[in-house]
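Overview (structure and organization)
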Amino acid sequence: MPKRVLVIDGMPTHRIRLSALLEEAGYDVATARDLFDVQGAVGQGDLVIVGLSDGGPGQLVSQIATAWAGANCPILCMDPKMSPLRRLLVLRAGARDALPYRASDELILAMTRRLIREGEAKREAERRRITAASFGLAEAQTVFDRPTSVACIGAFDLLPERLGALLGHTIVRHASTDTLNDTGGGARADAFLLQNRIGWAGAATDFA
């Protein structure tokens, strides 16, 4: 059975473009202009792609995440005005990731596959938890209260310190040689923040 993707976008040209791209890739696609045009379809979907052509960057995402809380249906945002701040707002509102409107077809399809796999894994874990509880096999939930360790590799200025104050994670500066040789103090990092020679920084793992 093909995976079902719901596209919500107030811009018809972008809605049609995404629908054609995803259908050609073998997905079952439903489209809607806005949240009121959805009529509960996301409950049976594997992924929601939200175009942020109208309103604030996190407003629609927050409404969807609230309306279908517990559905484990990931949300991918497409933003015509992508910026670090707008991306942060939609992630905080409940989206799993965000892409600019001008993203390539290959990137959109790759992100679609990844997020659908993540959603499937979460739903399967929830089904197993419910099944175990029905047989009386569930254990009390264990809370892991351990700070995340982030290794910063590159010629950063004050970024690691700012991230540590903002996110509450343990930020450690690493030399690339120490990281490759696993000699960076003995503790393994949960995520890596890299900076290349032209100054672009990217996270190897989602740790926000």
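The structure contained in this document is the topic of the report that follows. Once a new chain begins, its residue numbering starts again from 1 and follows that chain's sequence as written. Selection of residues for local features in this predicted model requires a pLDDT of at least 70, selection of side-chain atom pairs for listing and counting requires 80 or more, and totals for whole chains, interfaces and linings are taken over all residues. Hydrogens and waters are ignored; side-chain quantities use all the structure's heavy atoms.

**Some words on the overall build of the protein**
Only DSSP runs of H or I covering at least 4 residues are called helices, and only runs of E covering at least 2 are called strands; the numbering of each starts at the N terminus. Looking only at helices and strands, the protein has 6 helices and 9 strands in total. A 1.4 Å probe rolled over the protein chains alone gives each residue an accessible area, and that area as a share of the maximum for its type sets the label: buried under 20%, exposed over 50%, partly exposed in between. Within the protein, the fraction of its 208 residues that count as buried is 35%. Working rule for contacts: check all heavy atoms of both residues, and any pair within 4.5 Å makes them a contact. Relative to all contacts within the protein whose residues are 6 or more apart in sequence, the contacts with residues 24 or more apart total 61%. Split by element, the accessible area of the protein, about 12,900 Å² in all, is 55% carbon and sulfur. Every accessible area reported is derived by Shrake-Rupley at a probe size of 1.4 Å, with residue values counting cover from the shown protein chains alone.

**Brief notes about the pattern of salt bridges**
Any two side chains of opposite charge can pair if their charged atoms end up close together. Salt bridge, as used here, is a side-chain nitrogen of Lys or Arg placed within 4 Å of a carboxyl oxygen of Asp or Glu. Taken as a whole and judged by the stated rule, the model has 8 salt bridges. The salt bridge partner of Glu118 is Arg96, with a shortest N-O separation of 3.1 Å. Of this pair, Glu118 sits in helix α4 (residues 105–134) while Arg96 sits in the loop between α3 (84–93) and β5 (97–100), and the two are 22 residues apart along the sequence. Of the charged contacts in the structure, one is a salt bridge between Asp97 and Arg114, with a shortest N-O distance of 2.8 Å. A residue pair is termed long-range when its members are at least 10 positions apart, and Asp97 in strand β5 and Arg114 in helix α4 qualify at 17 residues.

**As for the environment of Leu35**
Among the secondary structure elements, Leu35 is positioned in the loop between β2 (28–32) and β3 (47–51). Along the chain, Leu35 and Ala67 lie 32 residues apart, while their C-alpha atoms are 9.6 Å from each other.

**Topic: the side chain of Asp46**
Along the chain, Asp46 turns up in the loop between β2 and β3. Not counting the four nearest positions on each side in its chain, Asp46 is found in contact with Lys3, Arg4, Cys73, Pro74, Ile116 and Arg123.

**A closer look at the pairing of β5**
Neither face of β5 is open: one carries Asp97 and Leu99, the other Ala98 and Pro100, and all of them are buried. Strand pairing is defined by DSSP finding a minimum of two bridges between the two strands. One ladder, built from 4 bridges, connects strand β4 (residues 75–79) with β5; its direction is parallel. The residue of β5 that forms the bridge with Asp79 is Pro100. At this point the chain moves from β4, through α3, to the parallel β5, and the crossover so formed is right-handed. Seen with its strands pointing away from the viewer, a crossover is right-handed when the path leading from the first strand over the helix to the second is clockwise.

**Some words on the environment of Ala65**
Within the secondary structure, Ala65 is located in helix α2 (residues 59–67). Using a relative accessible area of 28% as the deciding quantity, one classes Ala65 as partly exposed. Along the backbone, Ala65 and Ile75 are 10 residues apart, and their C-alpha atoms lie at a distance of 8.1 Å. Excluding residues that lie within four positions of it along the chain, Ala65 makes contacts with Ile75 and Ala93.

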